[in-house]
Amino acid sequence: MDFYATNPGPIDDSVLYDQEKHVSSAIWEGQERGALRCHEHTSKLDQWTLTSKQIELVNKAGFGYLRLIPAISLDNPLISALVERWRRETNTFHFTVGEMSVTLEDVGYLLGLPIDGDPVIGVTYTTCDAVCMKYLGRTPDSGSTSGGMVKLSWLKETFSRCHEDAPYDEIERHTRAYLLYLVGSTVFSTTTGNKVPVMYLPLFENFDQAGRYAWGAAALSFLYRALGNASLRSQSTISGCLTLLQCWSYFRLNIGRPRLNHDPTHDRFPFVFRWKGKHTGPTTNRDVAFYRKALDSLKPSEVEWCPYINICNALLPEAIRVNLILGRSNTMLICFDKAERHLPDRCLRQFGLRQPIPLDVQQWERKSRGVDGGVDLSGKMEAELSEWSERHLRVVDGDEEEVEETEYLHWYLKITRKLVGRPIPISSEFQRMNAALRDIANLADMVSTHGMDDQQMHAVSRIRYLAHECLRDQIGNTMIADITDSDQNEIDKKIRGKERIRRKGMGIKRRRKDDPEQFQSTSSQQQFCIPTSMDMMDHIENNEVEICLPPPDDSQLCYIPGKVDETHGMSDAANGIDDSGFCPTVEEVDDNLLSGADHGGMVSSLENGDMTQQNDYSVLV
């Protein structure tokens, strides 16, 4: 742990080559982004009324089980902590115990979507009118469309009720609208919040043909892409089938898991029914930091590698059961432009097999649909389609020879990112560095130059200069990276239950220039200060510290100690520290500021005295 406390990995970056882009790098630097906004729109699905004929068509199209899945309360902090350990280089979670992933087997068990069949791919569109008129018989108003997307609310308002005695073509149109709403609110939910691309509509033209698509593989491809995007340090939202992700975690990890619902009505297929509804156990203090710490210290005993082993096969539909073998297929998953590698060879313990060192992952270009309208993506993704066509030939078998898993774990620890959260807070590292700099400066000041030649005197003077310059930089330019547990608890109380990303500058009160106590005349930019108690440096003891946040014009941030303990033997004059730039205390702060500061992040990096802002808010000393 001592080694990983300072170097969380990877030691060998041949596998996780995009570490600098990953959110774990930002977190290690102290840049918290809070919980992700989770986009899944299942709350109004029960407002659709389907006739018996419509239900028959939905079953034909392959969505009979997905239709039955109720809305499940999402645990945003848990999902956010899982995302912090997802790696788009391998399409797996990198936990302390090894790699794990959501596979086609999980999709089959949990959602009941077909995981074998034709790839979900077709023509893209940039406008909705012609497509909606052809397949739905109606054109949405201009306010209900955006490019090639249509609002979910328009679909529900227009098609949520169909008369039992309606003409058959009208029943088909209403059913297509329902299916578009269903996939747009669950497996293909987007970060737009309330829209779905109309490119899926042509796939529902013939309901028998629709039932031959591998919708489960497409849903997993979509989720992989969403996880990969959300794992980047610049992202604040996630979409895709988050019900699948959360229930996968409940089945496999004993972290944040609610009490299992033993109601017999929930012990049925698909198996997400076991986790229906909200938590039945205590959820106090379960924020992102709580789950991150739990995952950083995950033990083998907290992992259920084979959670479905005791499930009665009689509960499984034949079409799902016979294709579960594809859970071990190293293949390409396809959902239009989203082609993602399915790599179960990296998590064979999930199938009851021993885990050898996996093969290197071939880097691939993630293609984007772009803005081309009327383009059939089949012609642009021949290689990916070829891999999917060979899916049954790519099934990974267990090694006939005995595999020594200690060899795998030894290799894994070198290529993985073992920790996401810091065991030693940045503030503690800052204190040690500052103390060491003071010692160097004091020793250099005490060295007598009597009898030294010019070169020796220059060397001593240089040491003094560098030590004092570094101290001045530490006081004037170093970021606040951590706050004490008591202060964090106070802030958490204000944001509990509503942890979310806020826009830059929201809820900030401007200072008035005519108030001499709140306006700093030496600065051309206005600042806003939060008094708080922070033991950021060992020469600041139990004093008020201010965090100054910028107005909407992106002014910089700073924190200002109320007073400095001079008992350490270093006055401001001795250190050459100019505190003229510190801003005075303010007493009133908008409550929204605390929430915004927490989610916007409180850390930036400084190089050569310039501030590089990484988050909505930055703090500099």
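To be clear, the structure that these remarks concern was listed above.
Since the model is a prediction, treat every value here as computed from it, not as a measurement.

Rules used in this analysis
- Residues numbered from 1 in each chain as written.
- Predicted model: local features only at pLDDT ≥ 70, side-chain atom pairs only at ≥ 80, totals over all residues.
- Heavy atoms only, no water.
- Helix = DSSP H or I, 4+ residues; strand = E, 2+ residues; numbered from the N terminus.
- Buried < 20%, exposed > 50% of the residue type's maximum accessible area, 1.4 Å probe, protein only.
- Contact = heavy atoms within 4.5 Å.
- Areas by Shrake-Rupley, 256 points an atom, 1.4 Å probe, with all protein chains shown as cover.
- Expected span 1.5 Å × (residues − 1).
- Arc of directions from axis to C-beta.
- Pairing = 2+ DSSP bridges.
- Salt bridge = Lys/Arg side-chain N within 4 Å of Asp/Glu carboxyl O.
- Axes fitted to C-alpha atoms, helices over the stretch in contact; angles between N-to-C directions.
- Parallel < 35°, antiparallel > 145°, perpendicular 65-115°, else oblique.
- Nonpolar A, V, L, I, M, F, W, Y, C, P; charged D, E, K, R; others polar.

K.L.:
Before we move on, could you go through the overall build of the chain and cite the residues and values that matter?
P.N.:
Along its length, the chain carries 20 helices and 15 strands. Counting across all 621 residues of the chain, residues that qualify as buried make up 53%. Residue pairs in contact within the chain that sit at least 24 positions apart in sequence constitute 75% of those at least 6 positions apart. Accessible surface, the chain: about 28,300 Å² in total, of which carbon and sulfur atoms supply 47%.

K.L.:
Please provide a residue-by-residue account of helix α10 (residues 215-230), values included.
P.N.:
Taking 1.5 Å as the rise per residue, α10 with 16 residues should run 22 Å; its terminal C-alpha atoms sit 22 Å apart, in good agreement. Burial within α10 is extensive, with 15 of its 16 residues counted as buried.

K.L.:
Which residues make up the side chain of Arg-88, and what values go with them?
P.N.:
By secondary structure assignment, the location of Arg-88 is in the loop between β2 (86-87) and β3 (92-95). In this structure Arg-88 touches Asp-18, Gly-228, Asn-229, Ser-231, Leu-232, Trp-364 and Arg-366, once residues within four positions along its chain are discounted.

K.L.:
Pulling in residues and values, what's your account of helix α3 (residues 52-60)?
P.N.:
Inspection of α3 places Gln-54, Leu-57 and Val-58 among the buried residues, and these make up the whole buried set. The buried residues of α3 occupy one face: seen down the axis, they fall within an arc of 100°. If you follow the buried residues of α3, they end up packed against α8 (168-185) and α9 (207-210).

K.L.:
Now, about the sheet that holds β2: what can you tell me, with residues and values included?
P.N.:
If you trace the three strands from one edge of the open sheet to the other, you get β2-β3-β4, paired in antiparallel fashion. Unpaired on one side and paired on the other, β2 and β4 (98-100) mark the two borders of the sheet. As paired strands, β2 and β3 are joined by two bridges and run antiparallel to one another. Its bridge partner being in β3, Arg-87 is matched across the sheet by Thr-92.

K.L.:
I'd love a proper account of the environment of Lys-293, names of residues and values included.
P.N.:
Structurally, Lys-293 is set in helix α12 (residues 288-296). With a relative accessible area of 65%, Lys-293 lands in the exposed category. Each C-alpha atom, one on Lys-293 and one on Val-420, is 8.3 Å from the other, the two residues being 127 residues apart in sequence.

K.L.:
Go over the sheet that holds strand β7 (residues 195-197) with me, naming the residues and quoting the values.
P.N.:
Backbone hydrogen bonds are what pair the strands of a sheet, in a parallel or an antiparallel way. Taken together, three strands build an open sheet; the order of strands is β5-β6-β7 and the sheet is antiparallel. The open sheet terminates on both sides in strands that have one partner only, identified here as β5 (145-146) and β7. Sheet topology places β5 next to strand β6 (residues 149-151); two bridges connect them, and they run antiparallel. Looking at β6, one finds that Ser-146 is bridged to Met-149.

K.L.:
Account for the pairing of β3, with residues named and values stated.
P.N.:
Both faces of β3 are covered, namely the face carrying Thr-92 and His-94 and the face carrying Phe-93 and Phe-95. Hairpin geometry of β2 and β3 is characterised by an intervening segment of four residues between the two adjacent antiparallel strands and by a positive phi of about 55° at Asn-91. Across three bridges, β3 lies against β4 in antiparallel orientation. Across the sheet, the residue bridging to Phe-95 is Gly-98, located in β4. Where β3 folds back onto β4 in an antiparallel hairpin, the turn is made up of two residues.

K.L.:
Talk me through the environment of Asp-337; I want residue IDs and the actual numbers.
P.N.:
Tracing the sequence through the fold places Asp-337 in the loop between β9 (331-335) and β10 (338-342). Each C-alpha atom of the pair Asp-337 and Arg-366 lies 8.3 Å from the other, and the pair is 29 residues apart in sequence.

K.L.:
Tell me about the pairing of β10, and name the residues and values.
P.N.:
By the criterion of burial, β10 is predominantly enclosed, with five of the five residues buried. Burial of the side chains of β10 extends over both faces: Lys-338, Glu-340 and His-342 are buried on one face and Ala-339 and Arg-341 on the other. The sheet contact formed by β9 and β10 spans five bridges and is antiparallel. Bridge assignment links Cys-335 to a residue of β10, and that residue is Lys-338. Between the end of β9 and the start of β10, which pair antiparallel, lie two residues, with Phe-336 showing a positive phi angle near 55°.

K.L.:
How would you explain the pattern of salt bridges if you had to name every residue and give the values?
P.N.:
Summed over all chains, the structure comprises 22 salt bridges. With its nearest N and O atoms 2.5 Å apart, the salt bridge here joins Arg-85 to Asp-296. In this pair, Arg-85 sits in the loop between α4 (76-83) and β2 while Asp-296 sits in helix α12, placing the two residues 211 residues apart along the sequence. Of the two residues, Arg-85 and Asp-296, both sit in the buried class. Lys-338 serves as the salt-bridge partner of Asp-337, at 3.6 Å between the closest nitrogen and oxygen. Its relative accessible area of 6% is what places Asp-337 among the buried residues. Given a relative accessible area of 15%, Lys-338 falls into the buried group.

K.L.:
Provide a residue-level description of the packing of α4 against helix α11 (residues 242-252), including the pertinent values.
P.N.:
The geometry of α4 relative to α11 is characterised by a closest axis approach of 11 Å and an angle of 85° between their N-to-C directions. When the axes of α4 and α11 are compared, the pair comes out roughly perpendicular. On the side of α4, the interface is formed by Leu-78, Ile-79 and Leu-82, while α11 contributes Leu-242, Leu-245, Gln-246, Ser-249 and Tyr-250. Of the residues in the contact of α4 with α11, the class split is six nonpolar, two polar and no charged.

Spatial relationships are all this shows, so hold off on functional conclusions.
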